[in-house]
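Each chain is listed here by its residues.
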Amino acid sequence: MAGQVLDLFYDWAGVLVPTVAIASLVTVVLRKTIFEIPPSLNFPVVHVPSNDTRDAILEGYRKYPDSPFVLPINPPRVVLPMSMFKEVVETAEEDMSFRELVHFMFSGHNTHLGVNVDELVSAIRIDLTKSIGALMPILQDECKLAFDTILKNVKEGEWSAVLAQGAALQIVSRMSGRVFVGPELCRQPGYLRTSTMFTADAAKVRNDLQQYNQLLRPFAVPFLNSLKSLRGHLQDAKKWMDPITNELLPKKGERAKIVPAGSRGAWISWLLKYLPDHEKTSTKLGLLQMQVSFASLHTTTGATTNVRLDIEIFQTRTQLMFKQALLDLATYPQFVDGLRQEIDSVLAEDGEAIDENGQLYITKATIAKMKNLDSFLKESQRLTPLAFDGMSRRLHKKVTFSNGITIPKGVLLTMPIYPSHCKSQSEKNPIIGRDCAPNSAPLDVFDAYRFARLREIPGNEAKYQSTATGEGQFTFGHGPNACPGRFFALYIMKVIMIHVLRNYDLRLLPDALEDVQLVCQILLMGLFRLSSDRGREAVSLK
Ligand code: HEM
């Protein structure tokens with residue numbers, strides 16, 4: 001009898017064991033490929049109402065301010081409590097990385113995004129940032145030319161409707177293009193289209209590939225139109241780089257050419273300094289050019305799967321921020337006079353400088369004295385960051401944090417930066433809550449000079465500048481991966497804001513929809529007019 005039972009057991013075991021093994025294998029493969037659910041995430045899941053990650057993050061942060069929660073989007077995100085931000089930014093690149101996240105989200109094998117961008121980061125962080133002062137004349141020249149061309153129908157003394165979104169895109173693209181590729185190319189419609197569309201097509205490749213499960217993606221790649229367009233942009237970029245590269249590459253025995261900041265080719269000469277010899281080609285420089293467009297356009301935006309930002313996939317980051325600043329200027333007109341007075345009084349004291357072509361321009365040092373303007377831009381970004389999450393990373397391996405929280409390999413992490421900027425969402429105050437200057441409005445209210453007042457408190461001067469990062473100030477990330485382009489981006493925005501404030505009045509269209517935050521993402525119509533009493537008045541030179 002016992003023998004029969006044993007036989008029966010062995011018969012069943014012979015079937016059961018392989019069946020269970022195959023079933024487990026299939027489950028693991030399905031989880032990894034079809035459903036893309038990272039294993040064993042024992043954190044609460046927050047409902048995402050109609051793809052609105054912003055509301056889901058706010059809700060998650062309200063419910064779980066001190067512990068992780070999951071956003072069930074594709075691929076799912078683990079949102080960590082803000083108390084862990086230091087550990088996240090300080091964790092070694094080999095363990096979790098921002099670039100790996102971009103590579104994963106944007107199919108880096110195909111799009112070349114998220115790959116090593118050390119040379120790009122060095123050229124931005126070291127050369128571009130150091131040269132901002134020297135770039136002031138060309139940035140202001142291009143700003144004025146771009147406004148005159150793009151807003152040519154705006155008549156003095158009359159209100160005209162302007163689609164601020166499109167105008168801002170062209171103005172910012174021209175100003176950054178003037179620095180990257182020089183005056184001829186930066187105004188060419190073909191160049192402008194390629195540098196903005198590269199980002200749009202990269203986002204399309206990402207979205208297209210997400211329609212397929214991971215196993216099928218390699219088979220789908222050759223048929224993606226978005227990828228064909230992307231490759232076309234890279235070929236165009238190479239063509240544009242050919243002449244500049246030929247001019248700048250030293251012939252045998254020659255030393256590398258030094259091109260002064262502001263001259264055509266300077267940016268390329270900075271990149272060449274960091275490239276190994278075998279990569280000093282127009283193909284590589286064209287790729288870097290597209291990568292810098294992408295970095296200043298949409299790196300983390302695409303990774304957020306934020307619906308509102310996805311609508312605006314064609315916009316540059318700086319342009320989005322600039323548009324938001326314009327929107328805030330129109331929404332809170334009570335600050336316009338104060339900002340104008342600051343510009344006037346700083347210029348009355350410093351005067352303007354004259355560039356080598358005899359044109360007036362405002363120096364970087366003079367702009368730096370406009371602390372209310374700096375504060376206005378920082379406040380604008382605090383309440384409307386590009387993404388409602390941020391400092392996102394992908395894990396290369398399982399990581400256990402000092403509080404015992406373990407996150408498995410392959411998971412995408414993010415931080416709830418927007419709620420952390422805004423005290424009213426939680427009683428966990430960020431540092432700006434603690435440091436609050438007297439007379440400041442609550443943290444959920446737009447208070448244009450909040451940071452200017454904070455800077456007046458002894459010891460705070462550098463801590464609350466628009467480019468500063470740290471607790472409660474995460475618009476540009478923080479730590480080793482913090483945005484290297486933020487200094488450049490902010491001076492572009494300041495130059496534009498000063499130009500607008502000195503030359504135009506603006507207000508929202510009277511019938512602008514009620515939900516301004518949403519409207520601004522879709523169709524922001526501003527009304528501009530050349531202010532008759534302020535238009536281009538000459539400011540006394542010292
Ligand atoms: C207002 C405009 C901008 C915003 C809000 C912004 C924001 C950011 C953020 C949040 C990150 C990731 C930081 C992290 O996760 O720790 C980042 C990375 C980066 N940004 Fe920006 N950015 C802006 C403009 C620019 C511009 C104009 C450039 C180029 C000139 C640029 C170049 C980069 C690069 C190269 C990285 C990747 C850094 C790395 O991988 O180490 N950004 N940016």
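Residues numbered from 1 in each chain as written. Predicted model: local features only at pLDDT ≥ 70, side-chain atom pairs only at ≥ 80, totals over all residues. Heavy atoms only, no water.

In the annotation of an unreviewed UniProt entry, the protein is listed under the name Cytochrome P450 and assigned to Xylaria hypoxylon. As recorded by UniProt, the Subcellular location (unreviewed entry) comment attached to the protein reads in full: "Membrane". For the record of the protein, the UniProt heading Cofactor (unreviewed entry) holds the text "heme". (UniProt positions renumbered as here; feature names shortened; annotations may be inferred.)

*Asks:* What am I meant to see in the environment of Glu247 here?
*Replies:* The residue Glu247 is located in helix H12 (residues 225–248) in this model. What makes Glu247 partly exposed here is its relative accessible area of 42%. Considered as a pair, Glu247 and Lys257 are ten residues apart in the sequence and their alpha carbons are 9.1 Å apart. Beyond its immediate sequence surroundings of up to four residues, Glu247 is in contact with Lys257 and Arg264. (Helix = DSSP H or I, 4+ residues; strand = E, 2+ residues; numbered from the N terminus. Buried < 20%, exposed > 50% of the residue type's maximum accessible area, 1.4 Å probe, protein only. Contact = heavy atoms within 4.5 Å.)

*Asks:* I tried to follow the coordination of the iron atom of the ligand on my own but got confused; where do I start?
*Replies:* Note on metal sites: the ideal angle is 109.5 degrees for four tetrahedral donors, and 90 or 180 degrees for six octahedral donors. With respect to protein ligation, the iron atom of the ligand binds only Cys483 (SG), at 2.3 Å. For Cys483, the position within the fold is in the loop between helix H23 (450–456) and helix H24 (486–503). (Donors = N, O, S within 2.8 Å, 3.2 Å for Na, K, Ca; no water.)

*Asks:* Would you mind going over the packing of H12 against helix H13 (residues 266–274) with me for this structure?
*Replies:* Between two packed helices, what matters for the description is the angle formed by their axes and the separation of those axes. For the pair H12 and H13, the least separation of the axes is 10 Å and the interaxial angle reads 65°. Of the possible angle classes, the one that applies to H12 and H13 is roughly perpendicular. The two elements H12 and H13 cross, and the hand of that crossing is right-handed. When H12 is examined against H13, the residues Met241, Ile244 and Leu248 are found in contact with a partner set consisting of Ile268, Ser269 and Leu272. Tallied by class, the residues present in the contact of H12 with H13 amount to five nonpolar, one polar and no charged. (Axes fitted to C-alpha atoms, helices over the stretch in contact; angles between N-to-C directions. Parallel < 35°, antiparallel > 145°, perpendicular 65-115°, else oblique. Left-handed = near helix turned anticlockwise from the far one by under 90°. Nonpolar A, V, L, I, M, F, W, Y, C, P; charged D, E, K, R; others polar.)

*Asks:* Any chance you could explain the nonpolar core here in plain terms?
*Replies:* It is characteristic of soluble globular proteins that their nonpolar side chains tend to be buried jointly. The biggest cluster of nonpolar side chains holds 83 residues, and the ones touching the most others in it are Leu128, Trp267, Phe376, Phe488 and Ile496. Of all the elements, H24 adds the most residues to this core, at eleven residues. If near-sequence neighbours (up to four positions away) are discounted, Leu128 is found in contact with Ala123, Leu135, Val179, Phe180, Trp267, Trp270 and Phe488. Among the nonpolar cores identified, the runner-up in size contains 22 residues, and Leu80, Ile405, Val411 and Leu413 belong to it. (Core = buried A, V, L, I, M, F, W, Y, C linked by side-chain atoms within 4.5 Å.)

*Asks:* Could you clarify how one ought to interpret the confidence of the model for the protein in this entry?
*Replies:* A low pLDDT score tells you not to read the predicted coordinates there in detail. Taken residue by residue, the protein gives an average pLDDT of 79. The fraction at 70 or more is 77%. Overall, residues 424–431 carries pLDDT values under 50, and its contacts beyond four positions in sequence, including any with other chains, amount to 18 contacts. Confidence over residues 535–542 falls short of pLDDT 50; this stretch has 21 contacts with residues more than four positions distant or in other chains. (pLDDT = per-residue confidence, 0-100.)

*Asks:* Where do I start with unusual backbone geometry in this structure?
*Replies:* Excluding glycine, residues mostly carry a negative phi; peptide bonds, for their part, are mostly trans. Within the chain, Ser107 stands out as a residue other than glycine whose phi angle is a positive 50°. Along the chain, the position of Ser107 falls in the loop between helix H4 (98–105) and helix H5 (108–111). A relative accessible area of 14% means that Ser107 is categorised as buried. If you check the backbone angles, His112 has positive phi at about 65° while not being a glycine.

*Asks:* Got a minute to help me understand the packing of aromatic side chains in this structure?
*Replies:* Two measures describe an aromatic ring pair: the distance that separates the ring centres and the angle between the ring planes. Tallying each qualifying case throughout the model produces 14 aromatic pairs. Judged by centre distance (4.8 Å) and plane angle (70°), the rings of Phe85 and Phe474 are edge-to-face. Remark: Phe474 occurs in the loop between H23 and H24 and Phe85 occurs in helix H3 (residues 85–90); sequence separation between them is 389 residues. Phe474 shares its class with Phe85; the two are buried. Taking the centre distance of 6.2 Å and the plane angle of 35° together, the rings of Phe451 and Tyr464 count as tilted. Here the residue Phe451 occupies a position in helix H23, and Tyr464 occupies one in the loop between H23 and H24, the gap between them amounting to 13 residues. For the pair Phe451 and Tyr464, a shared accessibility class is recorded, and that class is buried. Through successive ring pairs, a cluster of aromatic residues spans Tyr332, Phe335, Phe376, Phe446 and Tyr449. It is Lys378 that lies over the ring of Phe451; its NZ or CZ is 5.3 Å from the centre. (Phe/Tyr/Trp six-rings, centres within 6.5 Å; stacked < 30°, edge-to-face > 60°. Lys NZ or Arg CZ within 6 Å of the ring centre and 35° of its normal.)

*Asks:* Could you clarify how one ought to interpret helix H18 (residues 336–350) in this entry?
*Replies:* In an α-helix, one turn spans 3.6 residues; hence positions three or four apart end up facing the same way. In this model H18 runs 21 Å from its N-terminal to its C-terminal C-alpha over 15 residues, within 8% of the 21 Å that 1.5 Å per residue would give. If you check which residues of H18 are buried, you get Val336, Leu339, Arg340, Glu342, Ile343, Val346, Leu347 and Asp350. Viewed end-on, H18 has its buried residues packed into an arc of 155°, placing them on one side of the element. Exposed positions of H18 whose direction lies more than 90 degrees from the buried face are Asp337, Gln341 and Ala348. Where H18 ends, the next residue or the one after it, Gly351, has phi of about 70°, a positive value. (Expected span 1.5 Å × (residues − 1). Arc of directions from axis to C-beta.)

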